[in-house]
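Examining the three-dimensional arrangement
The lines below spell out each chain.
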Amino acid sequence: MDKSAEAFVIDDQEAGIFRVNRRAFTDAECLERERRCIFDKCWIYAGHESEVAHAGDFQSRNVAGRPMILARGDDGKVRVLLNTCTHRGALVCRQKSGSAKTFQCPYHAWTYNSRGQLIGVPGEDAYSPAFKRDEFALAQPAQVDNYRGFIFICFDRAADSLYDYLAGAKEYLDLVADQSELGMKVVAGVQAYSARANWKLLVENSYDGYHGLPTHQRYFGFLSDIGVEMRGNNLGAPRQQRVVDLGNGHAVLEYQSAWGRPIAHWVPSFGEHRKAHFEQMRRRFDERFGADRAYRICETSRNLGIFPNLVINDIMAITIRTFYPVASDYMEVNAWALAPKDESAEDSALRLDNFLTFLGPGGFATPDDVEMLESCQRGFANREVAWSDISRGMKREPPALTDELQMRAFWRRWNQLMIEPQAARARRAA
Ligand code: FES
Ligand code: FE
């Protein structure tokens, strides 16, 4: 156990002590180190293949702190292009999304095709024979890969494959991807918001089972007012209830849902007239996957954290959420709704209503959460209180959903990546 004043994490498994130094949330130098040791080294979620369904489709967005373009070329291949002109730097794509045969830089009009190749240079005869168009294609991350439609990038050529990186999280992505025989799609539109808080506070919050009742009291009151049966607590009865460290910093909470799910978990608030349709959907899942897996897909919810900054909340709707630090105390968040490609208009309306009313930035839950994260960040100004406690349930086996095992999984991996290069430097110097 590293008890030095410089340590970010104290992890004493024998005593059951786990603490995180609050400098990890406030220190500008720590953020710089995160950019190098985490965002430049890990696989980072860039988008879903359904967002660029047809040749020429593109989405421009920030990924790992850089402007990028997710683009499907005229050859049908999905690429991630770094959105910076190879001439002198300007963004070659300034639109959020669309379909285009070319990207033309607005500065001096260099033009790239949908594969990122440079195809037009005004006044090209002014350049010497040493000028080769091939050397000026839009740059791409060192690695790009796709797991069941989820596209990730990695700037570290030596990093493990995405398949290995995802470790135990693959099983949970499968439970999401298997919700449609035709595949899943991101519903057009994004919830984009920001919070005056460190990005890791949102990591913790996204699968924090301990905060539900106190923070979201009003929502649970509303649910019981409209007749949703609350089974003792908001997290339901434990036929399937667990918190799992999935390896590589990923973790999940899985629990029986107290709420209805547009995937075949009917509750009275959905209306009697829809019950038969839900039962029919459920039978189809039973046929495809057998009763146990069908139960998991339909009746349990999941809050999945994929290290470092991808959260998939498969609850009363499916949210894909990513967030990036702009400063130690400020983050930008994007959230998309994921749905079966073949979902009916009525089911889709139900899903999107949930996506807005509970999960959205103007919904029941997210403003409560953002308020708490910003409140923590303000509290950190009291530097005299140096440590936060994340030891809940450390000596409990099996851990409960209201424990903090999932956060410890994140912090252990975070700490390892942050101190490894330093330790290697120290070894080289010795
Ligand atoms: Fe793009 Fe000059 S910076 S053409
Ligand atoms: Fe919350």
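Placed above this text is the structure.
Notes on the structure follow. Treat the numbers as computed from the prediction; the structure is a model and nothing was measured. (Residues numbered from 1 in each chain as written. Chains lettered and ligands numbered in written order. Predicted model: local features only at pLDDT ≥ 70, side-chain atom pairs only at ≥ 80, totals over all residues. Heavy atoms only, no water.)

Topic: helix H8 (residues 275-289)
- The first and last C-alpha atoms of H8 sit 21 Å apart over 15 residues, in line with the 21 Å expected at 1.5 Å per residue.
- Every buried residue of H8 is accounted for by Phe 278, Met 281, Arg 282 and Phe 285. Buried residues of H8 fall within an arc of 100° about the axis and therefore sit on the same side. Opposite the buried face of H8, by more than 90 degrees, sit the exposed residues Ala 276, Gln 280 and Glu 287.
- Along its buried surface, H8 packs onto helix H9 (291-299) and helix H10 (345-359). (Helix = DSSP H or I, 4+ residues; strand = E, 2+ residues; numbered from the N terminus. Expected span 1.5 Å × (residues − 1). Buried < 20%, exposed > 50% of the residue type's maximum accessible area, 1.4 Å probe, protein only. Arc of directions from axis to C-beta. Contact = heavy atoms within 4.5 Å.)

Points about the sheet that holds strand S5 (residues 66-72)
- Taken in spatial order, the 4 strands make up an open sheet running S6-S5-S4-S7, and their pairing is antiparallel. A single partner strand is all that each edge strand has here, and the edge strands are strand S6 (78-82) and strand S7 (97-99). Within the sheet, the average angular offset between the axes of one strand and its neighbour, ignoring direction, is 25°.
- Looking at chain direction, strand S4 (residues 57-63) and S7 are connected through 3 bridges and run antiparallel. Residue Phe 58 lies in a different strand from S7, and its bridge partner there is Gly 98. (Pairing = 2+ DSSP bridges. Axes fitted to C-alpha atoms, helices over the stretch in contact; angles between N-to-C directions.)

Looking at the pattern of salt bridges
- Within the structure shown, the criterion is met by 28 salt bridges.
- A salt bridge links Glu 32 to Arg 35, with the shortest nitrogen-to-oxygen separation between them at 3.0 Å. In this pair, Glu 32 and Arg 35 both sit in helix H2 (residues 28-39), 3 residues apart, roughly one turn of the helix.
- When the shortest N-O distance is used, the salt bridge between Arg 115 and Asp 75 registers 4.0 Å. Here Arg 115, found in the loop between strand S9 (111-113) and strand S10 (118-120), pairs with Asp 75, found in the loop between S5 and S6; they are 40 residues apart in sequence, far enough to count as distant.
- Assessed through its relative accessible area of 30%, Arg 115 is described here as partly exposed.
- One connected set of salt bridges, linked through shared partners, spans Glu 171, Arg 242, Glu 254, Arg 261, Arg 296, Arg 302 and Asp 314. (Salt bridge = Lys/Arg side-chain N within 4 Å of Asp/Glu carboxyl O.)

Regarding the nonpolar core
- Ile 38, Phe 150, Phe 152, Leu 304, Met 331, Trp 411 and Trp 414 are the most contacted members of the largest nonpolar core, which has 107 residues in total.
- The dominant element in this core, judged by the number of residues it contributes, is helix H12 (residues 405-429), at 7 residues.
- Setting aside residues no more than four positions away along its own chain, Leu 304 makes contact with Ala 169, Tyr 172, Leu 173, Leu 246, Ala 251, Val 252, Leu 310, Val 311, Ile 312 and Asn 313.
- By size, the runner-up hydrophobic cluster in this structure holds 16 residues, among which are Cys 85, Cys 93, Trp 110 and Tyr 112. (Core = buried A, V, L, I, M, F, W, Y, C linked by side-chain atoms within 4.5 Å.)

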